[in-house]
Structures are given as C-alpha cells and as structure tokens.
Amino acid sequence: MQEATLTRRSFVKAATIAGAVLAGGSALTGCLQQGGSDGGGGGTQVGGRVFYNSICHGCIQACPCKVYVEDGVVVKIEGHPDAPTNLGSLCLKGLNQIHTCYSPRRVLYPLRRTGARGAATAAWERISWDEAVELAAVKIAETIEKYGTYAFFCSVGGGGAYSFMQAMTTPMALGSPTVFEPGCAQCYLPRITEAAYMYGGADQSIADCAVLEPFKGLAPLEEAKGVTQDTKVLVLWAAQPSVSQTAQSGRGMAELRARGCKTIVVDPNFSPDAVKATIHLPVRPGSDAALILSWYRVILDEKLYDEEFIKFWTNMPFLINPGTKLPWLAAEAIEGYTIPADMPEDTPVYLCVDENTGQVAPLPFGDPAKVKATVNPQVLATATVNGAESKSAAQIYRDEAEPWTLARAAEFCWVPEDRIRAAIDLYTGAEVAGIANGVASDMEETASQVPVGLMGLDMIMGYINKPGATMTQNGPLPAEGEAPRPTMFWNGFGGMFGQMYGIGYEVGATKEANEARIKAIEDGTNPEAPPFQNGPTLFAMNQLLLDRLGMKNHRGLYNWCHSHIPSVREAIETGEPFKPRVWFDMSGNKFAVLGSAGAWYNAIMNDGPEFIICQYPMITSFQIEVADLIFPLEEWLEATGASEFGQLNYGFPSPGVIHLGETVPNSVPPKRVVDAASVLLNEKLDSVTFGATGKSMTEMELQFPLGLGVMGGINSEEEVWATQIAAYGGVLGLDEGATREDYLEAAKNRADAYNVTPPDQYWTYGQHLVTANDGLPMGFATESRKCEVYNTLHIKLSRTGWPYCYPRELGPIDPRAGTWGGDYSPICNVPVQKEVPEIANGGDFVAPYDPEFPLAITSGRVYYFHHGTMRHAPFARELYPAPFVRINPATAAQYGIADGDWVEISSRRTQGSEYVKGTGLELSYSGTKEQNTKTAEPIRTIAYVAEVVAPGVLWMERFWNPECFDSSQPNKTGGWQECNVNVITNAIDCNFNEVFGSYTNRGFTVNIKKSERPANVWIEPREFEPFMPTTANEYVADIGVARDNKELLTPIVEFAATEGGA
Amino acid sequence: MPKRTLVIDLDRCSGCDSCVVACKFENNIGLGNYWNHVKPVNPVGTHPNIDMYWVPLQCQQCENSPCITACPTGASYRDPDNNVVLINKEECIGCKTCLPACPYSSPEGNVRPSVRWFNVEENVTEKCTLCNHLTAASDGVENTEDTTDPAHAVPPCVHNCSCGARSYGDLEDPDSKASQVLARAEADGRKVCMIEAEGVMPAARYILSESIAAWRGLGD
C-alpha cells in the first residue's frame, strides 16, 4: 500500500486534474481518474493505483469487490468478477461507500458535548482517547455505584458499524440485563429463532444469507466444476432481494430468472422482483397469516404434501393432548407401555392414529422404511386418548385454516382468488421448491405466525435438505454412525451464552444429562470448565435472564439475549421495574430506526438517561440530539474484518486499506470502557448492588467484568489484523507472524486473494438421513427429533421460560399476550389485526375500523440505502431525496393528490387517542401509562402516484434528513421528525407479537393529505453539495497518530450551536 | 463502420440506478449533472393486472447523429478510430444547439431523462462516452482476470450493473459481447427493441420479453 499521506494540497490537486472541483471549490466528485480530458475527462486508469480484494459492507450482505487506492486515497470500487453470486456487480450502496468514508459528517476524533442536548444547541469539543474512555468509565461506575448494576444499558443496530456481540455482552459484563436493537425482534430474530425451534436448521431468510442454495452454480467458475443450479421454483414471501441486496441476491435473482426459475412473489408493493415474478400476490399489508392458512387448507385437503415426509419426519401426525397442548407421549398415555429397547432415552415415542387399523398407536422415531412396517401414521386424525378427544397436529392446523377458503382469503388479503390457486399449484407441483421469507412479518404482529407457517409449508412439502430447496444446511456431512443425535443449546446466537455459562436446557439431550451439566458447574467438578464458568456466575447470568425487561411476555427475545424495546422505553419513563440511566449505544440512528421515534425522543429528553455514550462513524440525528460522548469508529474501507466474510463457499478478506483520524474498530471502545469501569467498580464491591437482588457484588461472589467480559472486545487494531492474516495469509504465502504492512504488500493487485471451500464439502444434503451413533437416522435438533411443524416449544416457553431460563423458571405469560388460549400459538394463526382499513368480511380477525385512519401503510427498502445509513451520501440523495410514498392513482384522486405533490401523513402516533381499557387495546399490560398516544407531529413526504400498490395501500421507506442540522440551517433540527415513517409506526401500544414482542412497523393505518415541503429539507441535487467529500477533513495514515500540526487536527464536525450552545 | 453501443436486457434490469452512480464516479460528474438515467416505465392497466419495466437511457449512438449535424463548432464528433459519438468539451461553446436536435434530450438538457446534459458549471454539453477512455479498443468481453485490460475493458456501468443487464460492444463485430447477447436473445425468441425516433437510427438495443411487459418505449 502506498503510505503517502494525503495532504490538503495533494487532494485538491488530484481533484483539479480530474476537473472535479465544482463551483464552491470545496467538493470532490469522485477523484477517480488520472489525467486527460478527451470527452469523458478520462485517461489511463492504472498508473499509481493498486487494488485490494475486499468485501462490501454497504448492506447486510457482503459483495466481494476490489478497492483501488491511489496515494493513500480510495479512488474506485468495483465488484469482484470471481464472486459467486454478485459475479462482478456492485450496487450504488457499495459505490457510494467512497462518499461515506470521506463524508464531512464523519466523526474522526472523540467528541464531548459542550452544549445542552438537542440539535439546536449541539456543540462539541474534541478530547483525547484517554479522556474519553475515562469519562465514560467514571459516568458508568458512578451510576452503578449509586443505583446498582441494572442502571447501565446498551443498544446497537440501525445500520453500519455493527457491534452485535459487544453490545450483547457489555451489559452482561457490568451486571445488567438490558440491551436492545431496533432490528432483532423487528428484523430476523423471529425467523432464525423459529427455525431453531422447529428443526434446528437454517431459516428462510435470503437477506441474512440463510438461504444460499438457490444461488449455487451461477458462477462460471463453479459451473466448470460441475456445480448445478437446482432451484426451479422459488417463493419470495415479502422479500425483495433486487432492492434490499441489490448486487448480491438481486444479481442472483436476475440470474435465476434468466435460467428459467419460476418465482412467486408475495408483496403489497410492485417491487422489481414482483414485476418479474411468474405470479405476484399483492397481499394486503399485515394479512399474510390468513393467506398462509389458505395454502394449508388446500394442501391438507388435497393431500398435496409429501406423504412420507409429513408422516415420518414431521410431528403433524402426533396426537395432541388438549389439556397440555403438547403431544401425547406413548409412555404417559398407554398404561403398561414399554419403550422399545432400541429407542434411546433422548428420543421420545409419541402417539398417532394408525391409518391401517384406525386405532391409536405408538409412533417410534426411526428410518421410515422400518417404522412403516409397524405403523402408518394418519395425517388428519382425531381419537380419544385417556378419555380426551385428541386431534393430530395436522388436524389442529386444518381446523385453524377452516375459515380461510380461497374465496375468503382473496377477500381478506386483497389478492385475486385464481392467483392464489395458481401460486399453490406452482409451489406444490414442483419436484422441489422453496420459500424465502423476508423481513415484513418481523415488523408486524404476526412475527412468529408467518415464519412458523412458511417453514411448516416447506416441511410438509418435504422441501428440506434437498438440492433446490431453501432450507438446506451447508458444510461437511457427519460420518455415518459417528455423530450423536442433534441437539440445540440455548441463549444467544447458536446457544453461545448457554455454552459459556451453562444456562439453558440442551433440547434433545435427556433431563439427566442437563441436570448433570448444571451440577458440575455449581460444584466446580468439571476440570475442563473455563474460569468464567462457575456457580456464582451461572446464578448471576440466570438472574439477568429472569429480570430482563419484557421477558414477562416476549421470551423469544432470549434467543439473542435482547430486551423488549417498548418495555425498555417504559422503564426509562416510569422507573419500573428499574430505571436505565447510563446508555452506551453502538451504532446507527436510533431515531430513524426505532418505531414510534417520538416516544423515544420524549422519553430521553424528559428526565431520561443521565449520560449517553455513542460509538459510530457518523453524526446522525441520534448523536446530534442526545449523545454526550462519541467514540469515532472506522468505516468499512478503514475497518479490518475480525473474521472471514463469505459469499457462498467463497471467503474474501476485508482489510482496512486506509485510515482516517483517530477512528478505531468497533470492538475497541466497549472493551476499553468496561475494563476501565471495572477497575473503578472493583474497589467498591461491598457497596455495589447486583441488580434487583438487593445483594452486593461481594455477597454474590462476583467481580467486574462478569463472566467472559466483552465478547469480541479488543484493545487494538493489531488483534483484528492477526485474524485476517490467519485467514488469508495462506493464499498470499504469508507466515503466521506477518504484519499489516506485510499483508498490504502481499495482497496488492492480487485478484486471487480469497479462499474457496470445495463444493462437495459445502453443498450437502440429507443431513437428517445420516445414521447417528445410536443407529437411528440423525433426524433434527428438536425434542421429537422431527420437524416440529406444530411448534411445541412455544407452549413450554410461554409457560415457564423453558428452555432458556433452565435451571430456573419464569412464571406463565400474561394470558392476554398469548393468542393460543393464553399460550404462544404453536401454529400459524391469525391474531386480531389492530389497525386495518375497511375490509369486507373481516369478522373477528380485525379490530373495529377507524375511519379517521382509513389507509393501510407498509414499507420496504429502496435501492439507495441500507437501514438508517447513507442519507448523507450525496449521489444517493440527489437521486432519492425524499422517501417517496407510493400511492395508487385512484386513492390519490380521492385525496386530491397528484404525482410529485408533498403530502402529510398522520397516524394515531401523531394524533393521539383514548384507548379503552379492558379491550386488549391498552397501551401497556401494566396499565401504568397515560392513555395518550400523541408522540410527535405528522410527517411529510412526496407522493409517487402509480399503479404500483393497490388502492387503499401506501408504501414508504424509513428516512432521516441529515441536512436539517447542517450549519447553513437557521433553525436546526435532528432531522428525524420531518420525513420519517417511524414517527408514525406503532411501538407504543401492546399489540406486540406474542413470542418476540415485535411491534408494528408495517401494516398499520394512516391518513394522508396534500401539504408543503418542509423548509429545512433538501430536494434539489445541488443542495446536497455540503455532503460531498471535503478537504476540510484531514486524513492520518496510521491509527491513533495525532500529528503535531494544529491545522490538521481540526475536528471535521463543526456543529456550532444555533443559539444558547457553548 | 463500427457500431459501438450498449445492449440492455430489460428482463434483468431492476431499476436500481447503480449505473447512474457508477457513471458519476468514473467520469467525475458533479451533483445535478447526469450522463445516464434509469426511466421507470410505470404500469399501465389497473392494479393488480399491471406490468412495468425500466429503461436505462444514455446516448443512443445514432447512425444518423443529428447532434453532429447541428453542432456549429464541430465539438460533437465521431471518434475517427471507432466511430463513437463524442463531445470535445474544449470545442463546445455551450450554445445548446445540439439539445433540441437530439430526440432523446430535453431542450435545455436539464430535465431527466435527457441523454445530452448541459453542465451549467462548465457551460458545456456532456453525455455518455461509452467510457471511450477505457474501452476504445475493447470487444466488451471482459477479462475477468484483469478488468483494466484495454482489449476487453467495459464501462463501469456495465461491469457493476447489479442485474448483469448491460453489455457493451460493436454490433458490427459478431464476437463482441453486445452482438453475442443480441444473437442469444434473438435465438431465444425474446423481443429486441429500439427507442424509435425519426431518421436517427439508434444503435442502442433493449431486450424485453412479452412475459415481463409489453414494450412501450419510454412510456409517457
């Protein structure tokens, strides 16, 4: 790498050569070319440039790319041609990363607020790293000493600079249970968790790279190895890869369709993938569960399922005890029943109706060919067991689907009946098909129902662990006869925290095995236990689970160790059950991405957290409004990946190729702050109270940091370089001890610097059929060892917190929170949708129609941004300056709105309301909140009038406007109130999803009227000039180097107060 | 005569605007100036019986290029080696005569989509050059081992296209990428379209299957 430092002079010179200095002289367009002015202003391209293989961080996916560096400046990014899915593509989010990195909105030094909170009074002073870490540590330690460990909390999410592990473990390290992320329950947690509950395998999300199989065999390099593309029918249920993952899965979808793959797209919006679909089902926002049940009704009635799979690999034939809502066990239901000798204790025998005899019969687990010889399980069945009329799980599903004839579903979901039928026929008629389930349901009350329903569909169809299916597993197959039966460990990603501290029940293992594991930890008798695994830590970590905010009702959140967001906000507002007081936020614009943003703003500004620490590469609405201290983080082009990033079976490096200011990897500040706070707190263990226990840390036999401390926390950049070199040193011929400099020299211009896993070690199938060490097929990681289409774990979870809270227990959920007779529903059902447009024949499935808010609204990503990122990227904003609201021409005409008009959109969150107590519509289960929902003023945006949504439906993406606190604004605001759909979304009353507590970002109701452009919002392309990369910044070549030149150290973020600030 | 152009597969294009941004970075185009566009051709019909497509639009490399005839200074010209229609900005006097002459441009070159664009800051008209500074000698069949290889280079809008929709090359050369893609589309029975305008004979080609949408040019 050229280490030449970029000076102001050389930067301007480079720009001038390229003819890029614009009228103001302050902006650089792209600084991409050398020399020449022939027509295109171009010249030769390579010259002093070098490139490095890297992997784009512009969205949640990861496109391999090449980053070109010239004189220490990133001058060009392009997609890597060898990438197996994006195949050389790179979308505008990736291309615009140059502008993100060199944005004038970067935070390059630690900043401390000097004025009052609020955008209008925001002012900052630059402080040193040591001062910043000390300030954070002192504030945390003082607060914990005064109020106990639960006064501290963390958050993460919102796009960019993700610090998931650090955010989850930082509060644990300081003895607090509170952490949240605006994604999580609203993004991916429900789908990944239900997959774990139902079969212990990969879920149906394309965006989160769980669904990889359809993109196999697209690349010429892989085709040459004989790898084939096997997905011929793909259902995109509320997913729009062409928009959300534009160059990766978007490119993949373009390739799939070009190869003849047929697609069914379920989406209220005429998204690009809907435009190109074989069949488009423009479902009414929020009504997906009813549509799913109409599929079940047809498939079960017409026996379109895979008969062998549904009978022998799912729990659909199991007879369910109506009292417990759990499957009857043969041993409990049949007097004198003896479990067959060859059946291991960890594999229960259930009951079914034997189709051959019509009698109730035990259904042992095993190779279908053998089990068939003794019993032929009936799918739809009802029988009397121990005097109780007991239905098979399939029969329960069928009964729940009874109202959902195709005609009723068409009426309810606003989709033509013949299209629903055609979609079912295409899906069920394929030799193999697969469903890819997008984010929409995570943002609705049906966050658990929809993934349960959709994974169940693929399961009863037998579209699982097969070439061409979406639910497949990657990696080498276990050897025949050697592996134990699969189990699932709980708490945290993949059971990580469970394994670290011992908490949680290992599902699939016997009760005795679980008890023995806990006892060994408590007794300290396991010689191999790591030092942080011991009785006091286990007890403390378990206590954090029991006391976590929102776990009374929404326990699926345990899977990521997160709190329920509205419950956190309520705790901040009311101090009940405890008041979170010092906040460490680890990414993104919370006001853009949190539902009911106004409620959060009010909670913070009205006697909210006393000190707010942020770490982020940018100034966003959140930082400008409320941060008291900001740690500067690296952007992608500076950041070295802590591990291998992948696309299918290809791993690409992620080297930081430049460095600016005093930015650090996102894993540094949490570690340094926790370490520093621990030193202060460990001097006062006698007087520091552990949370709600009332006991001191000394009495609890604990000290700081608890357990493992900050997971993934590091002290310096060198540590991440070591992992990078470990992963890619081999292909570059580097030794283990190689340094960053060695890597950057060796990787220069090496397009082949990546790793490939051989296809046969990656694309594998039929995992459940491999013989386990007990002689039975492996099966799946559930209690029954089968696919639990009837989700038994939901029932147990809602009653005791099992398996997460084991060895301790929670009481049952508030019965009003459960839609299955007070428990979490084990199948897809249709909970009452709270805010709906006028629907014919809605029956009991919808709350009363509110004519004040007659229109349904939903949202979805646009190409230009990921989550809350990049609203400061000028080349994105000039193309998409505002979050255009999509509206049908008939609806627009009704409201006197023309294409391009500014409109105002209101909801209950901007108008207020009086909810009636006792109707299930209370704002809070505890009933402690005032019954007023007005949190902010209505939002405004531009109407895009076209036949792209149905009449009565609106569609718009989240937004925030960083221009609102630009120095040029006479009246600065935080820019989160003007055009942000999250001002009107519903996170304040309790129609939360039962399992995950997901609130309603989509599928609620609004009103709309013609309006005016807000004065402080920019629309014209040239207005975005202040967002262009600017030479007002100075870029320092090495991490942490504060050069002895005052001019060069000028903080780039100059947000002088409008008035009243320092 | 060589007939260099882009061939764009509208069955693939998702309207993502990445080509616009790739162009801006490559050619140092400032805010408010554009050398290419993506025009959504909005649905006709009534929801849900609708179809739509997107037309990426840039200089159509017309055989009878009226811009060259109209230009008073010779600033609009063809590359003597490969026949690509270009503008020499040194010769352009900003008179805007070429703008109304071009059927794909707005009269003032300032309303999207307009393939010729009036750059107010520099007082010149600009447009897509097919990245001739990269591609002058290229057949458009990209060398994936060296994307800068001048014999095979492609414009960044083609390389980065998120849908693999764009191909570059000389339609008179059957081995060029553009020709290969067109031949394949014709063999598959997919419709090959042009944005017709009287007498100009555009070289740019668009592929759009009836199963996706009925071709209606740039729409309204």
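As the structure is a computational prediction, the values presented were derived from the model and not from experiment.

**Student:** Help me out: how do you make sense of the overall build of chain A in this one?
**Tutor:** From N to C terminus, chain A includes 32 helices and 27 strands. On C-alpha atoms alone, chain A measures out to a radius of gyration of 28 Å, which is about the 31 Å that the 2.2 N^0.38 rule sets for 1062 residues. Over its C-alpha atoms, taken along the principal directions, chain A stretches across nearly 90 × 70 × 65 Å. By residue count, 64% of the 1062 residues in chain A fall in the buried class. By sequence separation, contacts in chain A at least 24 residues apart represent 72% of the contacts at least 6 residues apart.

**Student:** Mind showing me how you'd approach helix α26 (residues 668–681) of chain A here?
**Tutor:** Residues that lie three or four places apart on an α-helix share one face, since the helix turns once every 3.6 residues. Residues and elements named next belong to chain A. Taking 1.5 Å of rise per residue, 14 residues should cover 20 Å, and α26 covers 20 Å from first to last C-alpha, within 8% of that figure. Across the 14 residues that make up α26, a large majority, 10, are buried. What α26 keeps buried is the set Val668, Pro669, Pro670, Lys671, Arg672, Val673, Val674, Ala677, Ser678 and Leu681. On the buried face of α26, the contacting elements are α4 (129–147), α5 (164–173), β17 (611–616) and β18 (629–632).

**Student:** It is not clear to me how the confidence of the model for chain B should be interpreted in this structure. Could you clarify?
**Tutor:** The predicted coordinates should not be examined in detail at positions where pLDDT is low. Averaged over all residues, the pLDDT of chain B equals 97, while 100% of them reach at least 70. Interface confidence for the predicted complex, expressed as ipTM, amounts to 0.98; the pTM equals 0.94.

**Student:** Hey, could you run me through the interface of chain A and chain B in this one?
**Tutor:** It is common to report an interface's size as the accessible area lost on association of the parts. Between chain A and chain B, the contact holds 63 residues from the first and 48 residues from the second. Secondary-structure elements contributing two or more residues to the side of chain A that touches chain B are β3 (73–79), α2 (92–95), α9 (249–258), α10 (272–275) and α30 (874–877) of chain A. Counting residues per element, the side of chain A that touches chain B draws most heavily on α9 of chain A, which supplies five residues. Class assignment of the residues belonging to the side of chain A that touches chain B gives a composition of 31 nonpolar, 21 polar and 11 charged.

**Student:** How should I be thinking about the sheet that holds strand β9 (residues 191–193) of chain B in this particular structure?
**Tutor:** Each strand in a sheet pairs with its neighbour through backbone hydrogen bonds, running either in the same direction (parallel) or in the opposite one (antiparallel). Residue and element names in this part refer to chain B. Ordered in space as β8-β1-β10-β9, the four strands form an open sheet in which the pairing is mixed. Every interior strand has two partners, whereas the edge strands, β8 (166–170) and β9, have only one. Shown here is a sheet whose adjacent strand axes are inclined to one another by a mean of 25 degrees, direction ignored. Of the strand pairs in this sheet, β9 and strand β10 (residues 205–208) are connected by three bridges, and their pairing is antiparallel. Residue pairing in the sheet places Val192 in a bridge with Ile207 of β10. Relative to β8, helix α6 (residues 177–187) is tilted by about 115 degrees, and along the sheet it contacts β1 (4–9), β8, β9 and β10.

**Student:** I'm lost on the nonpolar core in this one. Help?
**Tutor:** One recurring pattern in soluble globular proteins: nonpolar side chains tend to sit buried together. Residues and elements named next belong to chain A. Of all hydrophobic cores here, the largest spans 392 residues; its most connected members are Val67, Val74, Ala290, Cys352, Val885 and Leu954. With 10 residues, helix α11 (residues 288–301) is the largest single contributor of residues to this core. Not counting residues up to four positions away in its chain, the partners in contact with Val67 are Phe51, Tyr52, Ser54, Val74, Ile77, Leu637 and Val657.

**Student:** Even after reading the chapter, I still don't get helix α20 (residues 511–523) of chain A, so can you show me in this structure?
**Tutor:** Taking 1.5 Å per residue as the helical rise, α20 of chain A with its 13 residues ought to reach 18 Å, and the 18 Å between its terminal C-alpha atoms agrees with that figure. Positive backbone phi, approximately 65 degrees, marks Gly524 of chain A, located one or two places after α20 of chain A.

**Student:** Explanation requested: the confidence of the model for chain A in the structure shown.
**Tutor:** Residue and element names in this part refer to chain A. For chain A, the average pLDDT comes to 89, and 90% of its residues sit at 70 or higher. Low pLDDT (under 50) marks residues 1–46, which in the prediction has 106 contacts with non-local residues, meaning those over four places away or in another chain. Within the model, pLDDT remains below 50 along residues 1031–1062, and this stretch shows 67 contacts once partners closer than five positions in the same chain are excluded.

**Student:** Can you walk me through the sheet that holds strand β15 (residues 434–437) of chain A in this structure?
**Tutor:** Residues and elements named next belong to chain A. Spatially, four strands are ordered β10-β9-β8-β15 in an open sheet, and the strand pairing comes out parallel. Bordering the open sheet on either side are β10 (279–281) and β15, each of which pairs with just one other strand. Taken pair by pair, the neighbouring strands of this sheet meet at an average axis angle of 15 degrees, ignoring direction. Bridge count between strand β8 (residues 233–237) and β15: four bridges; the pairing is parallel. The partner of Val235 across the bridge, within β15, is Ile435.

**Student:** When you look at the pairing of strand β16 (residues 582–585) of chain A in this model, what are you seeing that I'm missing?
**Tutor:** The side chains of a regular strand alternate, residue by residue, between the two faces of the sheet. All names here are of chain A. Side chains of β16 alternate between two faces, with Val582 and Phe584 and Trp583 and Asp585 buried alike. Strand direction decides the pairing type here: strand β6 (residues 152–155) and β16, joined by four bridges, are parallel. Bridged to Phe152 within β16 is Val582.

**Student:** Would you mind showing me how to read the packing of helix α16 (residues 406–413) of chain A against helix α17 (residues 417–429) of chain A here?
**Tutor:** Working note: a packed helix pair is described by the angle between its axes plus the distance between those axes. Residues and elements named next belong to chain A. The geometry of α16 relative to α17 is characterised by a closest axis approach of 8 Å and an angle of 115 degrees between their N-to-C directions. As for how α16 packs across α17, the hand of that crossing is right-handed. Facing Leu406, Ala407, Ala409 and Ala410 of α16, the residues of α17 in contact are Glu417, Ile420 and Arg421. Class assignment of the residues belonging to the contact of α16 with α17 gives a composition of five nonpolar, no polar and two charged.

**Student:** Please clarify how the environment of Leu457 of chain A should be interpreted in this entry.
**Tutor:** Residues and elements named next belong to chain A. If you trace the backbone, Leu457 turns up in helix α18 (residues 449–460). Given 27 C-beta atoms within 10 Å, Leu457 falls into the buried group. Setting aside chain neighbours within four positions, we find Leu457 in contact with Trp295 and Ile435.

**Student:** Could you clarify how one ought to interpret unusual backbone geometry in this entry?
**Tutor:** What is expected of a backbone is that most residues other than glycine have negative phi and most peptide bonds are trans. Following Glu576 of chain A, the chain continues into Pro577 of chain A via a peptide bond in cis, with omega recorded as -5 degrees. Here the bond from Trp802 of chain A into Pro803 of chain A is cis, since omega is 5 degrees, no more than 30 degrees from zero. Here Pro803 of chain A shows up in the loop between α29 (792–800) and β22 (855–858). Notably, Leu648 of chain A is not glycine yet its phi reads approximately 50 degrees, a positive angle. If you trace the backbone, Leu648 of chain A turns up in the loop between β19 (645–647) and β20 (650–652). For Leu648 of chain A, a count of 26 C-beta atoms within 10 Å translates into the label buried. Unlike most non-glycine residues, Asp17 of chain B shows phi in positive territory, near 70 degrees. Position of Asp17 of chain B among the secondary structure elements: in the loop between β1 and α1 (18–27).

**Student:** I tried to follow the packing of helix α6 (residues 189–198) of chain A against α18 of chain A on my own but got confused; where do I start?
**Tutor:** Residue and element names in this part refer to chain A. Viewed as axis vectors pointing N to C, α6 and α18 meet at an angle of 50 degrees, and their least axial separation amounts to 9 Å. Considering the angle they form, α6 stands oblique to α18. As for the relative orientation of α6 and α18, their crossing is right-handed in sense. Note on element contacts: α18 touches α6 through Pro451, Val452 and Met455, opposite Pro190, Arg191, Glu194, Ala195 and Met198. Among the residues making up the contact of α6 with α18, the classes are represented as six nonpolar, no polar and two charged.

Rules used in this analysis
- Residues numbered from 1 in each chain as written.
- Chains lettered and ligands numbered in written order.
- Predicted model: local features only at pLDDT ≥ 70, side-chain atom pairs only at ≥ 80, totals over all residues.
- Helix = DSSP H or I, 4+ residues; strand = E, 2+ residues; numbered from the N terminus.
- Rg over C-alpha atoms; globule rule 2.2 N^0.38 Å.
- Buried ≥ 20, exposed ≤ 12 C-beta atoms within 10 Å, placed from the backbone.
- Contact = placed C-beta atoms within 7 Å.
- Expected span 1.5 Å × (residues − 1).
- pLDDT = per-residue confidence, 0-100.
- Nonpolar A, V, L, I, M, F, W, Y, C, P; charged D, E, K, R; others polar.
- Pairing = 2+ DSSP bridges.
- Axes fitted to C-alpha atoms, helices over the stretch in contact; angles between N-to-C directions.
- Core = buried A, V, L, I, M, F, W, Y, C linked by C-beta atoms within 7 Å.
- Left-handed = near helix turned anticlockwise from the far one by under 90°.
- Parallel < 35°, antiparallel > 145°, perpendicular 65-115°, else oblique.

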